[in-house]
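Observations on chain architecture
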Amino acid sequence: GNVNVVGEPNENYAREILQLFSIGLVELNQDGTPILDAAGKPVPTYDQAEIDGFANVFTGWSYPPQAGQAARFNSTPYFSGQMVSFSANHETAAKQLLGATAPAGLSAAADLANALHNIFMHPNVGPFIANQLIQKLVTGNPAPGYISRVATVFNDNGAGVRGDMKAVVRAILSDPEARGDLKIDPLYGKLREP
């Protein structure tokens, strides 16, 4: 590894981006239901090797400098502007990602772009994002068919484009489960935010 990286890289963002923002903890079918192994247990989406890999991908980045200050690693937190990469603080060894290994020697920016693409292409992203958005926009308890229809649009908007959010939101709001007669099931609906 890169001897300039002090200690072990922080795993928090690696866990958050995978668990909370993109693929979740278990492998999903297109309809958002868990994929089960031969013993009937959900299949994990990642393990510690992937967490270590993504944590290393995110090394070498720091806050942008404030006006009149030089850019330096671990600078004072400042949130206006793009983060800055520091090659001396980036782990350049190969990294285990989701079903792939990032090659050694990538710059911080190339490593980040490669890792984000790796996550984006994971088959869980469509059903995971579909479920999250449906829950926020329409109902807290969407049917598997609803999730599947929206995930299908996430995977391909009909013109071969993955992740077309305009098409995804249109699919969510125009789905038969989101429209039509007033829903009478007590589990249906979206409460107003306080």
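In this report, the structure presented in the accompanying data block is examined.

Calculation notes
- Residues numbered from 1 in each chain as written.
- Predicted model: local features only at pLDDT ≥ 70, side-chain atom pairs only at ≥ 80, totals over all residues.
- Heavy atoms only, no water.
- Phe/Tyr/Trp six-rings, centres within 6.5 Å; stacked < 30°, edge-to-face > 60°.
- Helix = DSSP H or I, 4+ residues; strand = E, 2+ residues; numbered from the N terminus.
- Buried < 20%, exposed > 50% of the residue type's maximum accessible area, 1.4 Å probe, protein only.
- Core = buried A, V, L, I, M, F, W, Y, C linked by side-chain atoms within 4.5 Å.
- Contact = heavy atoms within 4.5 Å.

**Side note on the packing of aromatic side chains**
Under the definition given, this model contains five aromatic pairs. Between the aromatic rings of Tyr13 and Phe58, the centroid separation amounts to 4.9 Å while the plane-to-plane angle is 65°, which identifies the pairing as edge-to-face. Taken together, the residues span a long stretch of sequence, with Tyr13 in helix 1 (residues 12-19) and Phe58 in the loop between helix 2 (48-57) and strand 1 (61-62) at a distance of 45 residues. Here Phe58 falls in the buried class, since its relative accessible area comes to 18%.

**Brief notes about the nonpolar core**
Within the largest apolar cluster, 32 residues are counted, with the highest numbers of intra-cluster contacts made by Leu18, Phe54, Leu98, Ile134, Val150 and Ile172. Of all elements in the fold, only helix 1, helix 2, helix 3 (108-120), helix 4 (125-137), helix 5 (144-155) and helix 6 (165-174) reach the threshold of two or more residues within this core. Counting residues per element, this core draws most heavily on helix 5, at six residues. What Leu18 contacts, discounting residues up to four positions off in sequence, is Ile23, Gly24, Tyr46, Ile51, Phe54, Leu98 and Ile119.

**A few points about the side chain of Lys95**
One can find Lys95 in strand 3 (residues 95-96). For Lys95, a relative accessible area of 3% puts it in the buried group. If we ignore the near neighbours within four places in the chain, the residues touching Lys95 are Gly53, Asn56, Val57, His90, Ala100, Thr101, Ala102 and Asp111.

**Digging into the environment of Gln82**
Residue position: Gln82 is located in the loop between strand 1 and strand 2 (84-85). Residue classification places Gln82 among the exposed positions, given a relative accessible area of 68%. Taking the C-alpha atoms as reference, Gln82 lies 7.5 Å from Tyr63; in sequence the two are 19 residues apart.

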